[in-house]
Amino acid sequence: MNRNFYILLFALIGIVGCQTNSTNQRIRQALESFQVEEGMRIELVAAEPMVIDPVAFAFDEDRRLYVVEDRGYPDPAEGGNPTTLGRIALLEDTDGDGHYDKRYDFATGLTYPNGILPWKGGVFVTCAPHIYYFKDTNGDGEADIKKIVLTGFNDTKTSQIRMSHPTLGPDGWIYVTGGLNGGSVTSPDHPDRAPVTYTAADGRFHPETLEFQVTGGKSQFGLTIDPYGRRFGTSNRHPVMQIVMEPWYLRRNPDLLFNETVENVSPVEADAVVYPISKAVTTADYIPKLIGRSHAGTFTAASGLVAFYGNGLTPAHKGNIFICESAQNLVQRQVLHADGPSFSSEIAEHGKEFLASTDEWFRPVFAQHGPEGGLYIADMHRKVIDHPSYVPEEMRDKLDFESGKTDGRIYRVIQEDFEPSDRDTVGNVESGASVSQLVRALSSPDGWKQATAFRLLLEQRPKDAIALLKDTAVRGALPESRARAFWLLRLFDGLDTETWKQLFADSVATVREQVVQLSASDSGHHPELIPVLLAAADDESPRVRYLAALALGEVTSPDAVTALARIAAKDGANKWTRAAVLSGVAARTSTFLETFGALRSIDTAAFAAVMQDLGRLLGHGGTVSETRAFFQRLVSTDRIEEWQVSAMLGLAEGLGGTLYAIGGSAGTSHLDRFIRGIKEVAVEAETGHRLRLRAIALLGFTNYKQSSDILRNLLDAQYPPDVQREVVGAISRLQDPRGAELLTEKDKWSAYSPNVKPAVISALVSNKKFLPVLFSAIEKGTVAAAEISSVDRVRLMKSEDSVIREQAEKLFGELEGGDRMAVYQEYRSILEQKADAKAGAAVFQTHCGVCHSYAGKGGQVGPDLTGVKNQPPDALLLHILVPNYEVYPTYQSVVVRTKDGGAFSGWVVSETENSLTLRTAAGTDEAILRSNIESLVNSGLSLMPDGLEQTMTKEELANLIAYLKEGNTK
């Protein structure tokens, strides 16, 4: 060979060597940048070029590592054609040292894949609009089976808010997040099935039948299921959310006005504190002139959480939840505490994170179990992790969304003194493992091995496993092992009565939970289980009692009603248990009411809460005779107690008429006396606050002449804001124009605090009879047109009523016709002037605090603004002056018209097939039965009004921005 060849060869070797040394140096620096909890160590499992842009991963039974690489992220900010850079990598550790050294491109040509789950030698992959199944059948490391098993998931929004995280539940279904999205889902294998069409919600599919169902939950990019089937999701500002209720339970009672499915387990928004050690936390810090002061922040990009049950950490870590926070380069550990049917959680160590890095490129997005019981973490490793769609357009070219697209790491956190010899040896899950080895692996202390054994047994369904599973279910040393064995027996149809009863008596409540929730569905085959289920109504565990309530709703015997009443008497103050009980009494409300009413040794708050909901149920679905009998019972006593007021309020809300219309001609004298008593309760200084609010609300079902004097007196600044807001609600329900005149009296209007005025505005714009009074007040200058939200202004300007439309166009035309971006450009000069953050706090309180919270104070109508201190002043000004520039899907305003003449605007807090709840600009939640909806329109707009610059000076606006950038968050 000639001399030039050798020169070229050595040059290439030198280049590769330099690149390798450079990569090794970056890895060393990355490892040195970590601060990990005491007693732990962090190890590198794989790094570029072995893995690039990992966003999810899963180990198969042979410890091969499937990695989802979202190389195309971010997708185009303004639409356009998606890339097909996404792929699935298959990694192998050929020498068993824990570091992966061999790679296959298992599947390529994907758009934005984001989740993976092994199944029967292949993997399910989520990549909206599809869920794929890939499998390698010839052993070459590349999938040769490539099929779409489900399709129709929405992919029109940015890629980080799409369906993701396929997770196997103990019931044999695979659960996925909705990503704040919906879809119209079909299976190409089953073209005869009708599409499952839904809006933003989580879902599940069966891996064998490919049936898809909508579930409870509204998770974004994160989903975890613990060994007991308790499901937790996450969204950016809500680190840990438990899916407590499933919609199929709520469907049992169409008259039940309850549509929540999720409980915020962790502190949220401004209270969801994190402790970063890096300098950069958001995109603002990449722009030198806009860098804000670095200090402890809050969750802004919570994702990839996992309920941890490995043995590679310490016993204290078992059952904890770990949440990734990519924007601030950390992973937080939270400890769960039982809280009735649900949980609460808190950070394990205040002031310090489980894992944090000074490296601003460390972007943890996903955490999961893995071999040796450690906590494995995917680091997407990008300079900028934010999606450009959520960055002001004029700022995008200043940010580097490309750097890091050739990088990626996967780490493992494990006890500092862990050695390979410490590997668990209970059972075996590797290919070729026997049935007995797999069943023994269910008792492994390693959560990954347990879960893998469960999956393999579920895939294989071996008949000779049943005897072994019965023994594990009853005698297994670990409660999670007993729970997994129970579910497998149930799925294999291998349970007998004796095993059922033994598990009912398990000493650990989490095992009893499994048995109770399934006992009703199997009681047809095992009627002898009914007495045991009835006894669960008195279980010492609130969650067991909650699940017993859900189960007893399927049992038709009279004894079931009695058991439900006992649960309500004990736990009725808890909204979840109350909903569980009432969801199961649809056809027997009167019987339940009679039984429950006879139980007088009940907590006062529980009794009142249940009676209010019962009144509402009778109002929605009871017969005339049932409602009249209930009504007479309430008004025919000399003494007014809280439960009576609550029950009457529920009945009135359910029927929607006045108390006189509800009672009919009979018993008018009793009703007159009852109303006099209600008025006394409303004004009596010694009245309990909760009872006073309910009494005021009930006055909204009398008539204006009868109650106006009390309502006028209570609409005074000397009373707390919630009392005044309740008065406004009562006036609105009375629908008398004289009430609108009271609300818009000049002295009253000027005295409303920021916590009260939005409720008044909401009442005025949602009641057709009040609109002429509102328009007159605007013409007189009492009310400013800019105080009305853009959504309501536009709605009124498009009214079908020509008189309303013409008046609205006259009053609001200039505001809605103006060029908001021109206003923004005009006001940009204020960013150059000196501003007073302290003075800005007062501006925030006056103009923003009723709807938004900041540093733990304020309203809950719009997004929490604590994190915006890291945003550029330009962006803050833009969103203040042009609130509809970009509206996050969650906060897009929906306008609902009801059949009884109501009109409501707000964003959807929760919804089920029966009802939905809107959070209005007043900060109130309006629950609306779907059967009462005449029309529903998603405006795509914000509830925040345009024209805020007309309500403050330029100096005040500059001060407000200074406060948001530098305000005290301590």
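Bear in mind that the values here come from a model prediction, so they are computed numbers and not experimental data.

What counts and how
- Residues numbered from 1 in each chain as written.
- Predicted model: local features only at pLDDT ≥ 70, side-chain atom pairs only at ≥ 80, totals over all residues.
- Heavy atoms only, no water.
- Helix = DSSP H or I, 4+ residues; strand = E, 2+ residues; numbered from the N terminus.
- Rg over C-alpha atoms; globule rule 2.2 N^0.38 Å.
- Contact = heavy atoms within 4.5 Å.
- Areas by Shrake-Rupley, 256 points an atom, 1.4 Å probe, with all protein chains shown as cover.
- Lys, Arg positive; Asp, Glu negative; His and termini not counted.
- Charge placed at Lys NZ, Arg CZ, Asp CG, Glu CD.
- 1 Å grid on protein atoms, 1.4 Å probe; cavity = no way out; pocket = protein on both sides within 12 Å on 5 of 7 lines; lining within 4 Å.
- Points joined across faces, edges and corners; volume = space filled by probe spheres on them.
- Buried < 20%, exposed > 50% of the residue type's maximum accessible area, 1.4 Å probe, protein only.
- Pairing = 2+ DSSP bridges.
- Polar contact = N/O pair within 3.5 Å; in protein donor to acceptor, adjacent residues only side chain to side chain.
- Axes fitted to C-alpha atoms, helices over the stretch in contact; angles between N-to-C directions.
- Phe/Tyr/Trp six-rings, centres within 6.5 Å; stacked < 30°, edge-to-face > 60°.
- Salt bridge = Lys/Arg side-chain N within 4 Å of Asp/Glu carboxyl O.
- Nonpolar A, V, L, I, M, F, W, Y, C, P; charged D, E, K, R; others polar.
- pLDDT = per-residue confidence, 0-100.
- Parallel < 35°, antiparallel > 145°, perpendicular 65-115°, else oblique.
- Core = buried A, V, L, I, M, F, W, Y, C linked by side-chain atoms within 4.5 Å.
- Domains from an automatic or database assignment.
- Buried area = accessible area lost by both parts, 1.4 Å probe.
- Left-handed = near helix turned anticlockwise from the far one by under 90°.

Engineer: I would appreciate a short explanation of the overall build of the protein in the present structure.
Structural biologist: Helix and strand counts for the protein stand at 31 helices and 35 strands. Over its C-alpha trace the protein gives a radius of gyration of 30 Å, about what one expects of a compact globule, namely 30 Å for 970 residues. In terms of its C-alpha atoms, the protein occupies a principal-axis envelope of roughly 105 × 75 × 55 Å. Nonlocal contacts in the protein, meaning residues at least 24 apart in sequence, comprise 64% of its contacts between residues at least 6 apart. Accessible surface, the protein: about 38,200 Å² in total, of which carbon and sulfur atoms supply 50%. Here the protein holds 98 positive side-chain charges and 125 negative ones, and the gap between their average locations is 3 Å.

Engineer: What should I look at first to understand empty space enclosed by the protein in this one?
Structural biologist: One simple way to see leftover space: roll a probe sized like a water molecule over the atoms. As enumerated under the stated definition, the model contains two cavities of 30 Å³ or more in all. Estimated volume of the largest cavity: approximately 660 Å³. Taken together, 33 residues make up the lining of the largest cavity; nearest its centre are Leu 117, Thr 167, Leu 168, Gln 368 and Ala 451. Looking at the lining of the largest cavity, the elements that each hand over two or more residues are β3 (54-59), β7 (115-119), β11 (164-168), β17 (223-225), β21 (302-307), β26 (364-369) and α4 (447-460). Top contributing element to the lining of the largest cavity by residue count: α4, with six residues.

Engineer: Can you help me understand the pairing of strand β19 (residues 238-243) in this one?
Structural biologist: Along β19, six of the six residues are buried, which leaves the element largely enclosed by surrounding structure. Strand direction decides the pairing type here: strand β18 (residues 231-235) and β19, joined by three bridges, are antiparallel. Considered in β19, the bridge of Gly 233 is made with Met 241. The hairpin formed by β18 and β19 contains two residues between the paired strands. Pairing analysis gives three bridges linking β19 to strand β20 (residues 262-264), with the strands arranged antiparallel. From the neighbouring strand, Met 241 faces β20, where its bridge partner is Asn 264.

Engineer: What is the right way to read the side chain of Gln 332 from this model?
Structural biologist: For Gln 332, the position within the fold is in strand β23 (residues 330-339). Within the structure, Gln 332 has its side chain in polar contact with the backbone oxygen of Val 273 (distance 3.0 Å). Polar side-chain contacts of Gln 332 include one of 2.8 Å to the side chain of Gln 334. Contacts of Gln 332, omitting those with residues within four sequence positions, involve Val 273, Val 274, Phe 299, Ile 321, Phe 322, Ile 323, Ile 347 and Glu 353.

Engineer: Looking at this structure, how should I read the sheet that holds strand β10 (residues 145-153)?
Structural biologist: Strands belonging to one sheet form pairs held by backbone hydrogen bonds; the direction of such a pair is parallel or antiparallel. The strand order β7-β8-β9-β10-β13-β14 describes an open sheet built from six strands, whose pairing is antiparallel. With one partner strand each, in any of the chains shown, β7 and β14 (196-198) form the two edges of the open sheet. In this sheet, neighbouring strand axes are inclined to one another by 20° on average, regardless of whether the strands run parallel or antiparallel.

Engineer: Honestly, the pairing of β3 in this entry has me stumped. Any pointers?
Structural biologist: Side-chain direction in a regular strand flips from residue to residue, so the side chains alternate between the two faces of the sheet. The element β3 is extensively covered by neighbouring structure, given that six of its six residues are classed as buried. Connecting β3 to the antiparallel partner strand β4 (residues 65-69) that follows it, the hairpin turn spans five residues, and Arg 63 within it adopts a positive phi of roughly 65°.

Engineer: Whenever I open this one, the packing of aromatic side chains confuses me. Can you help?
Structural biologist: Remark: the centre distance and the inter-plane angle together describe each pair of aromatic rings, the angle taken between the planes. All chains considered together, the criterion is met by 29 aromatic pairs. When the centroid spacing of 5.6 Å and the interplanar angle of 35° are considered together, the rings of Tyr 198 and Phe 212 count as tilted. Separated by 14 residues along the polypeptide, Tyr 198 in strand β14 and Phe 212 in strand β16 (residues 212-214) bring together distant segments of the chain. The exposure class of Tyr 198 is buried, given its relative accessible area of 12%.

Engineer: Would you mind going over the pattern of salt bridges with me for this structure?
Structural biologist: As a working rule, side chains carrying opposite charge can pair if their charged atoms are close by. Summed over the entire model, instances satisfying the criterion amount to 50 salt bridges. Arg 482 serves as the salt-bridge partner of Asp 506, at 2.8 Å between the closest nitrogen and oxygen. In this pair, Asp 506 is assigned in the loop between α7 (497-504) and α8 (509-522) and Arg 482 in helix α6 (residues 479-491), connecting sequence segments 24 residues apart. This pair shows no difference in class: Asp 506 is buried, exactly as Arg 482 is.

Engineer: What is the right way to look at the layout of surface pockets in this model?
Structural biologist: Of the voids in this model, the second largest pocket is the one considered here, and its volume is about 810 Å³. Around the second largest pocket, the lining comprises 33 residues; the ones closest to its centre are Asp 171, Trp 248, Tyr 249, Trp 487 and Gln 517. Listed by contribution, the elements that provide at least two residues to the lining of the second largest pocket are β19, α2 (247-250), α6, α8 and α10 (542-552). Tallying contributions element by element places α10 first for the lining of the second largest pocket, with five residues. Each residue belonging to the lining of the second largest pocket can be placed in one class, and the counts come to 18 nonpolar, six polar and nine charged.

Engineer: For this particular structure, what's the right way to read the confidence of the model for the protein?
Structural biologist: Low-confidence regions, as indicated by low pLDDT, have predicted coordinates that should not be scrutinised in detail. Averaged over the protein, the pLDDT score is 89; the fraction of residues at 70 or greater is 92%. In the model, residues 8-16 has pLDDT below 50 throughout and makes zero contacts with residues more than four positions away in sequence or in other chains. Contacts for the low-pLDDT stretch residues 283-296, under 50 throughout, to residues beyond four places or in other chains number 36 contacts.

Engineer: What am I meant to see in helix α12 (residues 575-583) here?
Structural biologist: Think of an α-helix as turning once every 3.6 residues; residues three or four places apart then point the same way. The element α12 is extensively covered by neighbouring structure, given that eight of its nine residues are classed as buried. Within α12, the full set of buried residues consists of Trp 576, Thr 577, Arg 578, Ala 579, Ala 580, Val 581, Leu 582 and Ser 583. Turning to α12, the residues buried within the fold contact α2, β20, α10, α11 (558-571), α13 (589-597) and α14 (604-621). Capping the start of α12 is the job of one residue whose side-chain oxygen sits 2.9 Å from the backbone nitrogen of Trp 576: Asn 574.

Engineer: How should I be thinking about the sheet that holds β16 in this particular structure?
Structural biologist: With antiparallel pairing, the four strands of this open sheet are ordered in space as β11-β12-β15-β16. Two strands close off the open sheet at either side, each with one partner strand: β11 and β16. Going across the sheet, the axis of each strand differs from the next one's by a mean of 25°, ignoring polarity. Bridge analysis of β11 against strand β12 (residues 174-177) gives three bridges, and the strand direction is antiparallel. Directly across from Ser 164, in β12, lies its bridge partner Thr 177.

Engineer: I would appreciate a short explanation of the packing of helix α18 (residues 668-683) against helix α20 (residues 704-714) in the present structure.
Structural biologist: Packed helix pairs are specified by the crossing angle of their axes together with the interaxial distance, meaning the distance between the axes. At a minimum axis distance of 11 Å, the contact between α18 and α20 shows a crossing angle of 5°. With respect to α20, the axis of α18 lies roughly parallel. Of the residues in α20, those touching α18 at Asp 672, Ile 675, Lys 679, Ala 682 and Val 683 are Gln 706, Asp 709, Ile 710 and Leu 714. Looking at side-chain class alone, the contact of α18 with α20 contains five nonpolar, one polar and three charged residues.

Engineer: Looking at this structure, I do not really get the nonpolar core. What am I missing?
Structural biologist: Within soluble globular proteins, side chains that are nonpolar generally end up buried alongside one another. Counting residues in each nonpolar core, the largest one holds 204 residues, and the members touching the most others are Phe 592 and Phe 596. Setting aside its immediate chain neighbours within four residues, Phe 592 contacts Val 561, Leu 564, Ala 565, Ala 568, Val 581, Leu 582, Val 585, Val 610 and Leu 614. In this structure, Tyr 824, Ile 880, Val 882 and Met 952 belong to the second largest nonpolar core, which totals 24 residues.

Engineer: How should the domain arrangement of the protein be read in this particular structure?
Structural biologist: How big an interface is tends to be stated in terms of the accessible area lost upon association of its parts. The assigned domain composition of the protein is domain 1 (1-32), domain 2 (33-415) and domain 3 (821-966). In total, about 730 Å² of surface goes out of reach between domain 1 and domain 2, with carbon and sulfur atoms giving 51% of it. Taken together, the links from domain 1 to domain 2 amount to two salt bridges. Within the side of domain 1 that touches domain 2, the residues separate by chemical class into three nonpolar, two polar and two charged.

Engineer: Looking at this structure, how should I read the packing of helix α25 (residues 771-780) against helix α27 (residues 802-817)?
Structural biologist: Packing of α25 against α27 leaves a shortest axis separation of 11 Å and a crossing angle of 25°. Considering the angle they form, α25 stands roughly parallel to α27. α27 is crossed by α25, and the crossing has left-handed handedness. In contact with Leu 771, Phe 775, Ile 778 and Glu 779 of α25, α27 contributes Ile 804, Gln 807, Ala 808, Lys 810, Leu 811 and Phe 812. Partitioned by chemical class, the residues of the contact of α25 with α27 number seven nonpolar, one polar and two charged.

Engineer: Before we go on, may I ask you to explain unusual backbone geometry in this structure?
Structural biologist: Note: most peptide bonds trans; most residues except glycine with negative phi. Geometrically, the link from Glu 48 to Pro 49 is a cis peptide bond, its omega value of 5° lying close to zero. Relative to the helices and strands, Pro 49 resides in the loop between β2 (40-47) and β3. Residue Pro 74 is reached from Tyr 73 by a cis peptide bond, and omega for that bond is 0°. As for its position among the elements, Pro 74 is in the loop between β4 and β5 (86-92). Of note in the backbone geometry, Asn 329 takes a positive phi value of approximately 60° without being a glycine. Inspection of the secondary structure assignment puts Asn 329 in the loop between β22 (321-325) and β23.

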